[in-house]
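Breakdown of the fold
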Amino acid sequence: QQQVKQSPQSLIVQKGGISIINCAYENTAFDYFPWYQQFPGKGPALLIAIRPDVSEKKEGRFTISFNKSAKQFSLHIMDSQPGDSATYFCAASLISGGYQKVTFGTGTKLQVIP
Amino acid sequence: DTAVSQTPKYLVTQMGNDKSIKCEQNLGHDTMYWYKQDSKKFLKIMFSYNNKELIINETVPNRFSPKSPDKAHLNLHINSLELGDSAVYFCASSHTAGPYGYTFGSGTRLTVV
């Protein structure tokens with residue numbers, strides 16, 4: 001019930017294309033869905049996040065689409081650039097015992113080729 | 001100013017040794033975490049501390065012992081290091097009253113030889 005399934009494991013996109021990463025969850029108690037971006041040799045960094053009461057959130061070229069009934073959410077990177085090449089993690093969190101508990105997806109390695 | 005800083009960045013040591021990793025955050029967060037990232041990039045929670053109190057202790061060998069002297073610091077001590085402990089260890093912090101994203105440190109790459 002605590003799993004977050006992420007796909008694909010790896011993704012190659014041409015510069016200017018759209019990168020799409022998908023995640024699915026089971027636990028309907030999750031109430032916050034962040035995405036993290038990790039460059040080699042660095043820690044994950046919060047990229048964008050959404051609450052389940054909205055269906056879409058956009059920040060620049062990054063958009064989260066959220067489907068509450070299907071228990072799925074996805075990250076879309078428009079006009080993908082070589083600088084977007086990184087590993088992306090979806091996550092889902094809930095408050096348990098007064099504390100935030102976060103479950104991470106397994107990561108997607110994105111490579112944007114010129 | 002680095003928000004979450006870990007030291008050392010790299011650690012190479014022999015099996016059986018004891019080592020420590022230090023973490024400090026200057027964000028005013030009251031919850032800190034240790035995560036282990038394996039070679040497949042999977043992020044696994046190890047421990048979580050809130051205001052110096054242990055709140056999450058996942059299934060981790062008791063050779064791993066966290067210590068939080070204050071809410072801005074969380075250290076990780078590892079006894080009798082094994083080959084399988086080789087990984088990247090990340091410290092992170094957040095506000096308790098969520099939901100909020102985590103701020104991660106840049107990691108400590110531990111290699112046990």
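This report concerns the structure included in the present document. This one's a predicted model, so the numbers in the text were calculated from it and none came from an experiment.

Side note on the state of the cysteines
Residue and element names in this part refer to chain A. The final tally for this structure, using the stated rule, is 2 disulfides over all chains. Disulfide pairing is shown between Cys23 and Cys90; the S-S distance is 1.9 Å. Judged by the torsion about the S-S bond (-95°), the Cys23/Cys90 disulfide is left-handed. Of this pair, Cys23 sits in strand β3 (residues 19-25) while Cys90 sits in strand β9 (residues 86-96), and the two are 67 residues apart along the sequence.

Considerations on the interface of chain A and chain B
In this assembly, 21 residues from chain A lie in contact with 23 residues from chain B. Buried surface at the junction of chain A and chain B, summed over both partners, amounts to about 1,800 Å²; 60% is from carbon and sulfur atoms. Area buried by chain A at its contact with chain B is led by A:Tyr99, A:Gln100 and A:Phe104, which between them contribute 33% of it. The interface formed by chain A and chain B holds 0 salt bridges in total. At the boundary of chain A with chain B, the tally comes to 5 residue pairs in polar contact (both at pLDDT 80 or more). Among the elements that line the side of chain A that touches chain B, the one with the most residues is strand β10 (residues 99-104) of chain A, at 5 residues. Across the side of chain A that touches chain B, the residue classes break down as 9 nonpolar, 8 polar and 4 charged.

Points about the sheet that holds strand β7 (residues 62-67) of chain A
Residues and elements named next belong to chain A. Read from one edge to the other, the open sheet built from 5 strands follows the order β1-β3-β8-β7-β6, with strand pairing classed as antiparallel. Of all the strands in the sheet, just β1 (4-7) and β6 (56-59) have a single pairing partner and so form its edges. Ignoring which end each strand starts from, the neighbouring axes of this sheet average 15° apart. Here β3 runs beside strand β8 (residues 72-77); their pairing, made up of 6 bridges, is antiparallel. Across the sheet, the residue bridging to Asn22 is Ser74, located in β8.

Here we look at unusual backbone geometry
Residue A:Pro8 is reached from A:Ser7 by a cis peptide bond, and omega for that bond is -5°. Inspection of the secondary structure assignment puts A:Pro8 in the loop between β1 and β2 (10-14). In this model, B:Thr7 is joined to B:Pro8 through a cis peptide bond whose omega is -5°. Locating B:Pro8 in the fold gives a position in the loop between β1 (4-7) and β2 (10-13). With a phi angle near 45°, A:Asp79 is a residue other than glycine that sits in the positive phi range. Inspection of the secondary structure assignment puts A:Asp79 in the loop between β8 and β9. Residue A:Asp79 is classed as partly exposed on the basis of its relative accessible area, which comes to 39%. You will see that B:Asn51, though not glycine, has its phi angle at about 45°, which is positive. Turning to its location among the elements, B:Asn51 is positioned in the loop between β5 (43-50) and β6 (53-57). Since its relative accessible area comes to 41%, B:Asn51 is described here as partly exposed.

A closer look at the nonpolar core
Counting residues in hydrophobic clusters, the biggest one holds 25 residues, and the most contacted among them are A:Phe33, A:Trp35, A:Phe73, A:Leu75 and A:Tyr88. Contributions of two or more residues to this core are made by β2, β3, β4 (33-38), β5 (45-50), β7, β8, β9 and β11 (108-113) of chain A. Residue contributions to this core peak at 5 residues, all from β9(A). Ignoring anything within four residues of it in the chain, the contact list for A:Tyr88 reads A:Gln6, A:Ile21, A:Tyr36, A:Gln37, A:Leu47, A:Phe62, A:Leu75, A:Ile77, A:Gly107, A:Thr108 and A:Leu110. The next biggest cluster of nonpolar side chains, apart from the first, holds 20 residues, and it includes B:Met32, B:Ile78, B:Leu81 and B:Tyr89.

Conventions we followed
Residues numbered from 1 in each chain as written. Chains lettered and ligands numbered in written order. Predicted model: local features only at pLDDT ≥ 70, side-chain atom pairs only at ≥ 80, totals over all residues. Heavy atoms only, no water. Disulfide = S-S within 2.5 Å. Helix = DSSP H or I, 4+ residues; strand = E, 2+ residues; numbered from the N terminus. Contact = heavy atoms within 4.5 Å. Buried area = accessible area lost by both parts, 1.4 Å probe. Salt bridge = Lys/Arg side-chain N within 4 Å of Asp/Glu carboxyl O. Polar contact = N/O pair within 3.5 Å; in protein donor to acceptor, adjacent residues only side chain to side chain. Nonpolar A, V, L, I, M, F, W, Y, C, P; charged D, E, K, R; others polar. Pairing = 2+ DSSP bridges. Axes fitted to C-alpha atoms, helices over the stretch in contact; angles between N-to-C directions. Buried < 20%, exposed > 50% of the residue type's maximum accessible area, 1.4 Å probe, protein only. Core = buried A, V, L, I, M, F, W, Y, C linked by side-chain atoms within 4.5 Å.

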